[in-house]
Amino acid sequence: MNTIMLTADRDDRIIAGFAALAIVIHVLEAGFPSPIPGVKPGLANVVTLIVLLRHGLRSALWVALLRVIVGSLLVGSFMTPGFWLSASGAAGSLTVLAAASIWNRALPGWGLSAVGLSVLSALAHMSLQFFTAYTVFVPHSGLLRLLPPLMTAALAFGVATGIAASAVLQRLSEADAAAQTPHSEG
Amino acid sequence: MLQSPHLRLFFRRLILGLGLAVFFAWLALRPAADSDDNRVVQREFLAMGTLFSVSVYLEPQQVPADAEAALARLERVLQDYELRWRAWDLQGTEDTPDAHADTDVTTATAGPASAPVNLRQINKVLAAGGVASVPEPMRPLFERAAQLSRLSDGRFDVRIGALVKLWGFDDETHFRSTPPSDEAIHAQLQIQAGAPALPTAGVAYGPAPGIQLDFGAIAKGDATDLAIRQLRESGYPNAIVNAGGNLHAAGRRGERAWRIGVRHPRPDAQHRLLATLDIEGDEAVITSGDYERYFEFQGQRYHHILDPHTGTPARGLSSVTVVADSGAAADAASTALFVAGPGGWQQQAYALALDKVLVVDTDGQVMATPRLAQRLKFAEGISARTVEPGPAP
Amino acid sequence: MTRGLLSRGDVLAVTLAAACVGGLYARFWQPAVAADTVEVRVAGTSIGRYPLQINRSLTVEGSRGPLLLTIEDGRVRFSKSPCRNQICVHSGWLSHSGDAAACLPSRVSITLSGHGSEALDAVSF
């Protein structure tokens, strides 16, 4: 690790690169209208998921953290309700991903791949955002009626991003294989 | 610049993304399905011993403030109506707006000192053995009641006031917990049998010692008619009046019809409604049931719908709903059908020329006339047998 | 990891997730005629609106003493009333928009409302 000198090692570059990608998605997603302002489908989670599957939980955590902070700074929602919603969503999805990696280690036979992880994290993302929105910002009962369709949307997005993520992972591992030949590094 | 395949890919995705965003924006912002909600003005108040809820649907040019004023006027009219038709003075009524009741009505319509101006005074004259003249504004409902009483063979009868009092159903605050003695009931039935019928074109009634008049089984329905009429005259043809579960609706609620439900007489977790119904035009929906005003004594339920012929609560049915143009007629008819019971309601409906009736018997069987059955949307798990109203087989 | 798009674990996860979402519909999307709010009035004046999805008990001070209202699983009822005839308690559980009950002696009334195109305007009883 880079303890004294601020030289970026490979991990840093990977985290930075993925975080940048996640931030872009985060910013684009901010333009999405939502029945509850600030509650988003969490498309940026697909990046967290890919990082988790390729580089482990630590890197995924970094990417998520950078995405939430920098993303909301860029959108201008830092420290506003929208920020806390994103943060709680990301926290929810990371918690589930962490639990899932423990599960995958404990029960390899029943291991979760991209689609399963993505669905679970999307649902966790949405429920935590909703929980925050409902308990902290607008405890209005009308909101509860929105929960089922929002969770349906999360489920659909989860499946879609999961499929996308597994396609990306496939490509990346093909690229990795190609990268064994020296000239394609960097 | 667009030569780069990556850039082309980027733009393709951007356009796709924007398209999706537009789609989602449309989904979120499209006009709410029920934007009629904010065109409805509602007022609730307590009158005639029940909870009134009146809603009007505003025409495009109408504003809520005017409608609220019209509903406030209606509330006062119904309070006056209550003062006119209440059968007796209430006891222990420190919390009812009744303290100045007599002065209000009396000063407004005072005739000669002896002429009663409201039902309480008529009952006082009858109790004193006199002949009570019926004040002009009360005559139409007297005539209506006399006619309905005749058509129902006395199953609907406003002369049961003393019986109602005997049972303690007259005052919300003083219910009994035991039925009256058979002797007392029998004595009252004798008095009723000997008393003159309500005159069909009567301007006076009596002498009829021991008789007290109670319009409780027709007045709420009539009040809903009055309310709808007054709202229409005030320029609100689209309205629904709920007088403690006695409904009368007119016109529409914007894009859709007024939609009402009929409560299940023996509700459980799944079935709190029997059915729902869209109101067509101007219709009253009135239900008589054994499930609200009752007391229990030694495991037996004694409810408030008394059979004037036996002097006891009518048995066999648990709920009768009548849909008709007139609330007064539907109100009296629902009582008459309830009293007629499982074997007699079809014939009674026929005699009263009713074609829209929904009945539940105490075994839970649901029956409806074809005209009503085809319009009802029954709750899940509820099915009705279609029964034609008709003369006895 | 197993080859193919979905592993056994994935299928399990997606099925469970879908079941949970289905459960949410059952819990929060009762028939559209169901009400979502109850308005409590004393002598015609509103003293509050309460969501029916949050279970709670309310004590309402009527003109003859306290009444107990219970809100539970999307429905509401008068549970205790100081009056003799108990008409309001006999009304039982109410859950549909447009439904109402009142304790006349106490001058306390409750009215249920909901929204959506299936909402009822009144209930006959």
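About the thresholds
In this numbering scheme, every chain counts its residues from 1 along its sequence in written order. A letter from A marks each chain and a number from 1 marks each ligand, given out in the order of writing. Two thresholds apply to this predicted model, a pLDDT of at least 70 for residue-level local features and 80 or more for giving and counting side-chain atom pairs, whereas whole-chain, interface and lining totals are computed over all residues. Every helix listed is a DSSP run of H or I at least four residues long, and every strand listed is a run of E at least two residues long, numbered separately from the N terminus. For the exposure call, what matters is how many other C-beta atoms sit within 10 Å of a residue's own: 20 or more marks it buried, 12 or fewer exposed, and in between partly exposed, using C-beta atoms placed from the backbone. In this description, any two residues whose backbone-derived C-beta atoms lie within 7 Å of each other are considered to be in contact. Strand pairing is assigned whenever DSSP identifies at least 2 bridges connecting the two strands. Here an angle of 0 to 180 degrees is reported between the N-to-C directions of two axes, which are lines fitted to C-alpha atoms, with helices fitted over the stretch in contact. Amino acids outside the nonpolar list (Ala, Val, Leu, Ile, Met, Phe, Trp, Tyr, Cys, Pro) and the charged list (Asp, Glu, Lys, Arg) are all regarded as polar, and Gly is one of them. In these notes, a nonpolar core means any group of buried Ala, Val, Leu, Ile, Met, Phe, Trp, Tyr and Cys residues linked to one another through C-beta atoms within 7 Å. Roughly parallel refers to an angle under 35 degrees, roughly antiparallel to one over 145, roughly perpendicular to one between 65 and 115, and oblique to any angle outside these ranges. Note: crossing handedness is left-handed where the near helix turns anticlockwise from the far helix by less than a right angle, and right-handed where it turns clockwise. Looking at any residue, its pLDDT shows the predictor's confidence there, from 0 to 100.

Asks: Just to check I follow, could you spell out the overall build of chain B for this structure?
Replies: Each helix and strand in chain B was counted, giving 10 helices and 18 strands. Across the 393 residues of chain B, 45% fall into the buried class. Look at the contacts in chain B between residues 6 or more apart in sequence, and 63% of them connect residues 24 or more apart.

Asks: Could you clarify how one ought to interpret the overall build of chain A in this entry?
Replies: Scanning chain A from terminus to terminus reveals 7 helices and 0 strands. Listing every helix and strand of chain A by position from the N terminus yields α-α-α-α-α-α-α. Intrachain contacts of chain A at a sequence separation of at least 6 include 77% that bridge at least 24 residues.

Asks: For this particular structure, what's the right way to read unusual backbone geometry?
Replies: Peptide bonds are trans in most cases, and residues, glycine excluded, mostly fall at negative phi. Residue and element names in this part refer to chain B. Cis geometry marks the peptide bond from Gly-206 to Pro-207, where omega comes out at -5°. In this structure, Pro-207 sits in the loop between β4 (204-205) and α8 (219-233). The backbone of Met-48 shows a phi angle near 50°, a positive value even though the residue is not glycine. Residue placement: Met-48 occurs in the loop between β1 (40-47) and β2 (50-57).

Asks: What should I look at first to understand the sheet that holds strand β7 (residues 108-113) of chain C in this one?
Replies: Sheet strands associate in pairs through backbone hydrogen bonding, adopting either a parallel or an antiparallel arrangement. Residues and elements named next belong to chain C. If you walk across this open sheet you meet the 4 strands as β2-β1-β7-β6, and the pairing is antiparallel. Bordering the open sheet on either side are β2 (45-51) and β6 (100-103), each of which pairs with just one other strand. Here the average twist between neighbouring strands, direction ignored, is 20°. Pairing analysis gives 6 bridges linking strand β1 (residues 37-42) to β2, with the strands arranged antiparallel. Within the sheet, the bridge partner assigned to Arg-41 lies in β2 and is Ser-46.

Asks: Is there a simple way to think about the sheet that holds strand β4 (residues 65-72) of chain C in this case?
Replies: All names here are of chain C. Strand order in the open sheet formed by 3 strands is β3-β4-β5, and the pairing between neighbours is antiparallel. At either margin of the open sheet sits one strand with a lone partner, and together these are β3 (56-62) and β5 (75-80). Taking each pair of neighbouring strands and ignoring which way they run, the sheet shows an average axis angle of 30°. Judged from the 7 bridges that link them, β3 and β4 form a sheet pairing that is antiparallel. Its bridge partner lying in β4, Thr-59 is registered against Leu-68.

Asks: Where do I start with the interface of chain C and chain B in this structure?
Replies: Size of an interface, as often reported, equals the accessible area lost when the parts are brought together. At the interface, 31 residues of chain C touch 41 residues of chain B. Those elements that provide at least two residues to the side of chain C that touches chain B are α2 (87-90), β6, β7 and β8 (122-124) of chain C. With 3 residues, β8(C) is the largest single contributor of residues to the side of chain C that touches chain B. Here the residues of the side of chain C that touches chain B are counted per class, giving 12 nonpolar, 15 polar and 4 charged. Examined bridge by bridge, strand β9 (residues 259-263) of chain B and β8(C) share 3 bridges and lie parallel to one another.

Asks: Quick question: what am I supposed to make of helix α2 (residues 45-55) of chain A here?
Replies: Because the α-helix completes a turn every 3.6 residues, residues three or four places apart line up on one side. Residue and element names in this part refer to chain A. Among the 11 residues of α2, 9 are classified as buried, and the element is accordingly described as predominantly covered. Among all positions of α2, only Asn-45, Val-46, Val-47, Thr-48, Leu-49, Ile-50, Val-51, Leu-52 and Leu-53 are buried. Along its buried surface, α2 packs onto α1 (10-30), α3 (57-75), α4 (81-106), α5 (114-137) and α7 (147-179). Gly-56 occupies a position one or two residues after α2 and carries a positive phi of about 95°.

Asks: Help me understand the nonpolar core in this model?
Replies: A general trend in soluble globular proteins is that nonpolar side chains are found buried together. With 124 residues, the main nonpolar core has B:Phe215, B:Val322, B:Ala333, B:Leu337 and B:Val357 as its most contacted residues. Per-element tally for this core: the top contributor is helix α9 (residues 327-351) of chain B, with 12 residues. Not counting residues up to four positions away in its chain, the partners in contact with B:Leu337 are B:Val320, B:Val322, B:Trp345, B:Gln348, B:Ala349 and B:Val357. Of all hydrophobic cores here, the second largest spans 51 residues; its members include A:Phe18, A:Ile23, A:Ala133 and A:Met151.

Asks: Mind showing me how you'd approach the packing of α8(B) against α9(B) here?
Replies: Helix-helix packing: each pair is described by the crossing angle between the helix axes and the interaxial distance. All names here are of chain B. Close contact between α8 and α9 brings their axes to 6 Å; oriented N to C, the two are set at 160°. In terms of orientation, α8 and α9 fall into the roughly antiparallel class. As α8 packs across α9, the resulting crossing turns out to be right-handed. Between α8 and α9, the residues in contact are Lys-220, Gly-221, Asp-222, Thr-224 and Asp-225 and Gly-327, Ala-328, Ala-330 and Asp-331, respectively. For the contact of α8 with α9, the class distribution of residues is 2 nonpolar, 3 polar and 4 charged.

Asks: Can you help me understand the environment of A:Ser72 in this one?
Replies: Residues and elements named next belong to chain A. By secondary structure assignment, the location of Ser-72 is in helix α3. In this structure the C-alpha to C-alpha distance between Ser-72 and Gly-82, which are 10 residues apart in sequence, comes to 8.0 Å. Excluding residues within four positions of it along the chain, Ser-72 makes contact with Ser-77, Phe-78, Gly-82, Phe-83 and Ser-86.

Asks: How should the environment of A:Ala64 be read in this particular structure?
Replies: All names here are of chain A. Secondary-structure assignment places Ala-64 in helix α3. Owing to 27 C-beta atoms within 10 Å, Ala-64 belongs among the buried residues under this scheme. When the C-alpha atoms of Ala-64 and Val-51 are compared, they prove to be 9.7 Å apart, with 13 residues separating the residues in sequence.

Asks: Hey, could you run me through the packing of helix α5 (residues 139-151) of chain B against α9(B) in this one?
Replies: Residues and elements named next belong to chain B. With their axes 10 Å apart at the nearest point, α5 and α9 run at an angle of 5° to one another. In this view, α5 runs roughly parallel relative to α9, as classed from their interaxial angle. Listed contacts from α9 to Leu-141, Arg-144, Leu-148 and Leu-151 of α5 are Ala-328, Ala-329, Ala-332 and Ala-351. Each residue belonging to the contact of α5 with α9 can be placed in one class, and the counts come to 7 nonpolar, no polar and 1 charged.

Asks: Sorry, what's going on with the pairing of strand β5 (residues 239-243) of chain B here?
Replies: Note on strand geometry: in a regular strand, side chains alternate between the two faces of the sheet. Residues and elements named next belong to chain B. Across the 5 residues that make up β5, a large majority, 5, are buried. Burial along β5 is two-sided: the residues Ala-239, Val-241 and Ala-243 and Ile-240 and Asn-242 are all buried. The pairing of β2 with β5 spans 5 bridges and is classified as antiparallel. For Ser-55, the partnering residue across the bridge sits in β5 and is Ile-240. Across 5 bridges, the pairing between β5 and strand β6 (residues 246-250) is antiparallel. Along β6, the bridge assignment pairs Val-241 with His-248. Here β5 folds back onto β6, and the loop between the two strands holds 2 residues, one of which, Gly-244, carries a positive phi near 55°.

Asks: Looking at this structure, how should I read the confidence of the model for chain B?
Replies: Mean pLDDT over chain B works out to 87, with 85% of the residues at or above the 70 mark. Scored below 50 in pLDDT, residues 92-113 of chain B shows 19 contacts in the model against residues more than four places distant or in partner chains.

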